[in-house]
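Spelled out from the first residue to the last, the chains are:
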Amino acid sequence: MLQEPIYNSRDSLSPIRMPDPDEFPASSANTYYLYHHTKKTDTSILQVWRGTKASQTKASEVAKVETVTERYMDMGIVLLLVVFFIVATERILEGLAGAFRASFLISRQEEIDDDLSLKSSKNIAVLFLLPAALFAVSSSPMNFLFMTAGAAGYFGIKFGIFCILDYVNRTTVFKFIGRVFLNYVIIATALLFLAKINIWLSVLCVIPAVMYLVMASRIILKNNFSVFFYILYLCSLELLPAALMIRLFL
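What counts, and where the lines are drawn
- Residues numbered from 1 in each chain as written.
- Predicted model: local features only at pLDDT ≥ 70, side-chain atom pairs only at ≥ 80, totals over all residues.
- Heavy atoms only, no water.
- pLDDT = per-residue confidence, 0-100.
- Helix = DSSP H or I, 4+ residues; strand = E, 2+ residues; numbered from the N terminus.
- Contact = heavy atoms within 4.5 Å.
- Phe/Tyr/Trp six-rings, centres within 6.5 Å; stacked < 30°, edge-to-face > 60°.
- Lys NZ or Arg CZ within 6 Å of the ring centre and 35° of its normal.

J.: I would appreciate a short explanation of the confidence of the model for the protein in the present structure.
T.: Fine structural detail should not be taken from predicted coordinates in areas where pLDDT scores are low. Per-residue confidence for the protein gives a mean pLDDT of 75, with 72% of residues at or over 70. Taking the mean pLDDT of every element in the protein, the minimum, 64, falls on helix α1 (residues 31-87) and the maximum, 89, on helix α2 (residues 89-102). Taken as a whole, residues 32-43 scores under 50 in pLDDT and shows five contacts with residues more than four places along the chain or in a different chain. Contacts of residues 59-64 to residues separated by more than four positions or lying in other chains number zero contacts, the stretch itself having pLDDT below 50.

As structure tokens, then:
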């Protein structure tokens, strides 16, 4: 059985060295032991600090890797958008001009529906302007992908409800409203680029949104639907898709 070491005053190498009364006054008899305890604590703090320093270094290295990855993703997205714009410049500009004119006149939208070339130009304008605007206001590539997925989900839900309403009511009015809706999407995305200059300028996107609601009400009432049906339309096609996307992502 192990025995505790015994202090030997004649042995200078004794494992236990009692404090010298001359060196440590009676008023501070525990100073010697507190000193050694504090010293051990300091050592452990140094070890923790070194470990923390090492972990911070590793974290910074990971952050550098993520930054490089995001930089390459930025370059890839910009390259795709630039190539898309160069290849389809004429179609994009034609679709933008047609959407602007059709946002004020229903007859202009009917002309676009009858012209397959104008219709495809408008669709190409949406496919370019919407991702480009989201990329302009996004803070990172992952944020851009997140917003793009949200926009795709929103449009999918919205146009799915358009098809359901057309099937239930045996009419093509709501699909026509969906095509009109794309005109205001193009205008809103064009205005969204201004948010890159000042975030408060994004409030201007409310203007095409209000114009769309007014145009939709005109089309619905013109086709002999009641005001109550228009309120039902607002709840099902304007509030429901937005609420579903908010619920999905939050």
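Following the structure, the description resumes.
J.: Before we go on, may I ask you to explain the packing of aromatic side chains in this structure?
T.: Each pair of aromatic rings is reported with the distance of its centres and the angle of its planes. Scanning all chains against the criterion turns up 16 aromatic pairs. Measuring from ring centre to ring centre gives 5.5 Å for Phe 85 and Phe 128, while their planes differ by 35 degrees; the resulting arrangement is tilted. Remark: Phe 128 occurs in helix α4 (residues 116-137) and Phe 85 occurs in helix α1; sequence separation between them is 43 residues. The rings of Tyr 154, Phe 155, Phe 159, Phe 162, Phe 181, Tyr 184 and Tyr 212 are connected pair by pair, giving a single aromatic cluster. Just above the ring of Phe 181 sits the side chain of Lys 158; from NZ or CZ to the centre is 4.7 Å. Positioned over the ring face of Tyr 167 is Arg 170, at 4.9 Å from the centre of the ring.

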